[in-house]
Amino acid sequence: MKGIVFTVLLELVEDRFGLETVDHIILNSELESNGIYTSIGSYSFSELSQLLQHLSESTKISVDNLLILLGEHFFDVAEKSYPELMSSHKNPIEMISSIENHIHIEVKKIYPDADLPTFKVIEKTENSLIIDYKSSRAMCYFSLGLMNKTFEFFNSTATIELEKIKEDGTEVRFVIHKN
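Predicted model, so just to flag it, every value in this text is computed and none were measured. (Residues numbered from 1 in each chain as written. Predicted model: local features only at pLDDT ≥ 70, side-chain atom pairs only at ≥ 80, totals over all residues. Heavy atoms only, no water.)

Here we look at the packing of aromatic side chains
So, step 1. For the coordinates displayed, the defined rule picks out eight aromatic pairs.
So, step 2. With a centroid separation of 5.5 Å and an interplanar angle of 65°, the aromatic rings of Phe 119 and Tyr 133 are classed as edge-to-face. One end of the pair, Phe 119, is in strand S1 (residues 118-124); the other, Tyr 133, is in strand S2 (residues 128-134), with 14 residues separating them in the sequence.
So, step 3. For Phe 119, a relative accessible area of 8% gives the class buried.
So, step 4. Residue classification places Tyr 133 among the buried positions, given a relative accessible area of 2%.
So, step 5. Here Phe 153 and Phe 154 contribute two aromatic rings whose centre-to-centre distance is 5.0 Å and whose plane-to-plane angle is 90°, an arrangement assigned as edge-to-face. (Phe/Tyr/Trp six-rings, centres within 6.5 Å; stacked < 30°, edge-to-face > 60°. Helix = DSSP H or I, 4+ residues; strand = E, 2+ residues; numbered from the N terminus. Buried < 20%, exposed > 50% of the residue type's maximum accessible area, 1.4 Å probe, protein only.)

As for the pairing of S1
So, step 1. Across six bridges, S1 lies against S2 in antiparallel orientation. Each bridged residue has a counterpart across the sheet, and for Lys 120 the counterpart in S2 is Asp 132.
So, step 2. Turn length for the S1-S2 hairpin, with the two strands adjacent in sequence and antiparallel, is three residues. (Pairing = 2+ DSSP bridges.)

Regarding the packing of helix H1 (residues 3-17) against helix H4 (residues 63-81)
So, step 1. Axis separation between H1 and H4 bottoms out at 10 Å; the angle between their running directions is 105°. As the angle between them shows, H1 and H4 are arranged roughly perpendicular. On H4, the residues that touch Ile 4, Val 5, Val 8, Leu 9, Glu 11, Leu 12, Asp 15 and Arg 16 of H1 are Leu 69, Leu 70, His 73, Phe 74 and Val 77.
So, step 2. The residue inventory of the contact of H1 with H4, partitioned by class, reads nine nonpolar, one polar and three charged. (Axes fitted to C-alpha atoms, helices over the stretch in contact; angles between N-to-C directions. Parallel < 35°, antiparallel > 145°, perpendicular 65-115°, else oblique. Contact = heavy atoms within 4.5 Å. Nonpolar A, V, L, I, M, F, W, Y, C, P; charged D, E, K, R; others polar.)

Given below as structure tokens:
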């Protein structure tokens, strides 16, 4: 897993819960990296899982809801770092439906060894989208956070339903209806 996810997580934790919480989750996890991350480095997904689990225990917020917060915060970081990527889309449906064939291609240019989830558009209209997510890391709630912020970015709202195709969250269908 790319280090940018770790650095953004620790930034979020410090901003929302304080530096003591950052220290707590790092010290209570068994991290090969010792909790030292660079945005371009690659780290074990198990480290992210441990950090999120300890953060969940400390904050009493579910890991799923923490992943939503992380996705929303990650969008803000990406918006500031890559404004041209965001401005190249006309609306939220178009942007989300371009994840696989545009956004991930651009991500691979920056992080060639990134192991990204796959997204397959099942059905798309002007005001709705059905898109399937697949990843062994089961971070669908992170994707949900990104989608939430995509609609906010375009000053729009939507109802986004997450239907698990596989109970472990490795395969999920997002059903999106623009309000």
